[in-house]
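The residues making up each chain are set out below.
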Amino acid sequence: KYRDKKYFAKAKNEIHSKLLKTLGIDDVAIPEEEVGSRLAYKSLFKNNIEIKDVDNDYKIKNWKPSSSNKYLIIGYGKFGKGFAQRLIKEGVKESKIYIIDKNKAMLEEAKSMYTNVIATTVSDFDSLNVLDVNEINIVVIAMSDLEESLMIAANCVKYRDKKYFAKAKNEIHS
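Residues numbered from 1 in each chain as written. Predicted model: local features only at pLDDT ≥ 70, side-chain atom pairs only at ≥ 80, totals over all residues. Heavy atoms only, no water.

1. Description of the nonpolar core
Here comes step 1: Of all hydrophobic cores here, the largest spans 20 residues; its most connected members are Ile73, Phe83, Leu87, Ile99, Tyr114 and Val140.
Here comes step 2: Those elements that place two or more of their residues in this core are helix H2 (31–45), strand S5 (71–74), helix H3 (78–89), strand S6 (97–101), helix H4 (104–111) and strand S8 (138–141).
Here comes step 3: Considering every element that reaches this core, the biggest residue donor is H3, with four residues.
Here comes step 4: The residues touching phenylalanine 83, leaving out its near neighbours within four places in the chain, are Gly36, Ser37, Leu39, Ala40, Ser43, Tyr71, Ile73, Val140 and Phe165.
Here comes step 5: Within the second largest apolar cluster, 12 residues are counted, among which are Val122, Ile136, Met143 and Ile152. (Core = buried A, V, L, I, M, F, W, Y, C linked by side-chain atoms within 4.5 Å. Buried < 20%, exposed > 50% of the residue type's maximum accessible area, 1.4 Å probe, protein only. Helix = DSSP H or I, 4+ residues; strand = E, 2+ residues; numbered from the N terminus. Contact = heavy atoms within 4.5 Å.)

2. Structural notes on the packing of aromatic side chains
Two aromatic rings are characterised by how far apart their centres lie and by the angle between their planes.
Here comes step 1: Taken as a whole and assessed by the stated rule, the structure comprises three aromatic pairs.
Here comes step 2: Chaining the aromatic ring pairs together yields one cluster made of Tyr71, Phe83 and Phe165. (Phe/Tyr/Trp six-rings, centres within 6.5 Å; stacked < 30°, edge-to-face > 60°.)

3. A look at the layout of surface pockets
Here comes step 1: In this structure, the largest pocket spans a volume of roughly 270 Å³.
Here comes step 2: Gly75, Asp101, Ala142, Met143 and Ser144 are, among the 21 residues lining the largest pocket, the residues nearest its centre.
Here comes step 3: Every element with two or more residues in the lining of the largest pocket is listed here: H3 and S6.
Here comes step 4: The element best represented in the lining of the largest pocket is H3, accounting for three residues.
Here comes step 5: Its residues assigned to classes, the lining of the largest pocket shows seven nonpolar, seven polar and seven charged.
Here comes step 6: Within the residue set of the lining of the second largest pocket, elements represented by two or more residues are helix H1 (14–22), strand S2 (27–29), H2 and H3.
Here comes step 7: Of all the elements, H3 adds the most residues to the lining of the second largest pocket, at four residues.
Here comes step 8: Across the lining of the second largest pocket, the residue classes break down as three nonpolar, four polar and six charged. (1 Å grid on protein atoms, 1.4 Å probe; cavity = no way out; pocket = protein on both sides within 12 Å on 5 of 7 lines; lining within 4 Å. Points joined across faces, edges and corners; volume = space filled by probe spheres on them. Nonpolar A, V, L, I, M, F, W, Y, C, P; charged D, E, K, R; others polar.)

Take a look at the structure:
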């Protein structure tokens, strides 16, 4: 009766998404993963424009992802997962992606896709002696815990040579 219409829905997670699709929903979005994915895309292509001259009057702009960047994703929830997946989709080698989360269960899935997966609590950026912090170019603070994310952000101030992206719960948090 209603199949002449398209149905769209919002899901909380992958299982919820699969259930909605099974029930006939045409397209399902998981908002936190989508936002993480878009931000990853932005991090890849911002300031990476190559301009080629075709002749005196025309130029071609080509956006190229930087293959030299190394990414540190702190928090592998929906947002961090979406960010990491988009990096892979756009051609970033998984060896250039470092994922940290305190929840070991969350990291089980990540271990099957990424080499650099570390289960630890991070409140001080310097405590990441497992990594060479100087090698990291882009840091993604993708944690849901407000206090922890603010502590990490405050500790990152001394590393001004890095680009930072963060998940915020509200305007004040941002």
